[in-house]
Amino acid sequence: MRWQNSFEGAGYHPVFLDAAYARMPFATCWCVFRLPTAIADAVESAYRKEIIAGYPELADDAHWHPMVRRAVAVWTVDITVALAARAAGADRLMHSRVRPVPSMRQLLRHRWEQVAEELESAAELPALAVVFRGLLATTERWQVTALPRYPAFRT
């Protein structure tokens, strides 16, 4: 992908882009699946605890949660730009040789649904939520299965 997260490469950027990596999860990876909510929440909480040590103002939920939602939206726009044109013509797997791996269409529809729900329930960035709902409506014909959980959590 065009962006690299600090887990993958060095760089300075908002901590929220990293925090979104737990909520999404793994915004730029081909090996993305769903995490159980409790695990994603625990990962985000542990990360946030470490960040708060250096930036105590981020303990305020009124600041933290909107900024993480915006970071999730940024990553979703990024993956949409990277994959949508290729996925529009035909569904493709996220990796050509490794299995299990989700398809591009599964990933895109999952991300659009997730970010639309988060933005709508928080009443934030309504125009962007409308865009993602429009993408979901337009791609309903794709009829892909839901993005599965990571294999370790499939029981």
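Enquirer: Please clarify how helix α5 (residues 126-138) should be interpreted in this entry.
Expert: Given 3.6 residues per turn, any residue in an α-helix points the same way as the ones three and four places further on. When the terminal C-alpha atoms of α5 are compared, their 18 Å separation across 13 residues agrees well with the 18 Å that a helix rising 1.5 Å per residue should span. All of the buried residues in α5 are Ala-129, Phe-132 and Leu-136. For α5, the angular spread of buried residues about the axis comes to 65°, placing them on one side. Among the exposed residues of α5, those pointing more than 90 degrees away from its buried face are Ala-127, Val-130, Ala-137 and Thr-138.

Enquirer: Sorry, what's going on with the environment of Ala-127 here?
Expert: Locating Ala-127 in the fold gives a position in helix α5. The spatial distance from the C-alpha of Ala-127 to the C-alpha of Tyr-150 is 31 Å, given a sequence separation of 23 residues.

Enquirer: I would appreciate a short explanation of the side chain of Arg-105 in the present structure.
Expert: On the secondary structure map, Arg-105 appears in helix α4 (residues 104-122). An unpaired buried charge is present at Arg-105: no salt bridge exists, and Asp-91, the closest side chain of opposite charge, is 4.4 Å distant. At a separation of 3.2 Å, a polar atom in the side chain of Arg-105 contacts the main-chain carbonyl oxygen of Ala-88. For Arg-105, the contacting residues outside a window of four places in its chain are Ala-87, Ala-88, Gly-89, Ala-90, Asp-91, Trp-142 and Val-144.

Enquirer: What am I meant to see in the nonpolar core here?
Expert: General note: in soluble globular proteins, nonpolar side chains tend to be found buried as a group. Counting residues in each nonpolar core, the largest one holds 37 residues, and the members touching the most others are Val-15, Phe-16, Trp-64, Trp-75, Leu-83 and Leu-108. Every element with two or more residues in this core is listed here: α1 (15-23), α2 (37-54), α3 (61-89), α4 and α5. Of all the elements, α3 adds the most residues to this core, at 10 residues.

Enquirer: Explanation requested: the packing of aromatic side chains in the structure shown.
Expert: For any pair of aromatic rings, the description rests on two quantities: the centre-to-centre distance and the angle between the ring planes. Tallying each qualifying case throughout the model produces 6 aromatic pairs. With a centroid separation of 6.2 Å and 35° between ring planes, the pair formed by Trp-112 and Trp-142 is classed as tilted. Remark: Trp-142 occurs in the segment after α5 and Trp-112 occurs in helix α4; sequence separation between them is 30 residues. Counting every residue linked through ring pairs, the aromatic cluster contains Tyr-21, Phe-26, Phe-33, Trp-75 and Tyr-150. The lysine or arginine in question, Arg-154, covers the ring of Phe-33, its NZ or CZ lying 4.9 Å from the ring centre.

Cut-offs used in this document
Residues numbered from 1 in each chain as written. Predicted model: local features only at pLDDT ≥ 70, side-chain atom pairs only at ≥ 80, totals over all residues. Heavy atoms only, no water. Helix = DSSP H or I, 4+ residues; strand = E, 2+ residues; numbered from the N terminus. Expected span 1.5 Å × (residues − 1). Buried < 20%, exposed > 50% of the residue type's maximum accessible area, 1.4 Å probe, protein only. Arc of directions from axis to C-beta. Lys, Arg positive; Asp, Glu negative; His and termini not counted. Salt bridge = Lys/Arg side-chain N within 4 Å of Asp/Glu carboxyl O. Polar contact = N/O pair within 3.5 Å; in protein donor to acceptor, adjacent residues only side chain to side chain. Contact = heavy atoms within 4.5 Å. Core = buried A, V, L, I, M, F, W, Y, C linked by side-chain atoms within 4.5 Å. Phe/Tyr/Trp six-rings, centres within 6.5 Å; stacked < 30°, edge-to-face > 60°. Lys NZ or Arg CZ within 6 Å of the ring centre and 35° of its normal.

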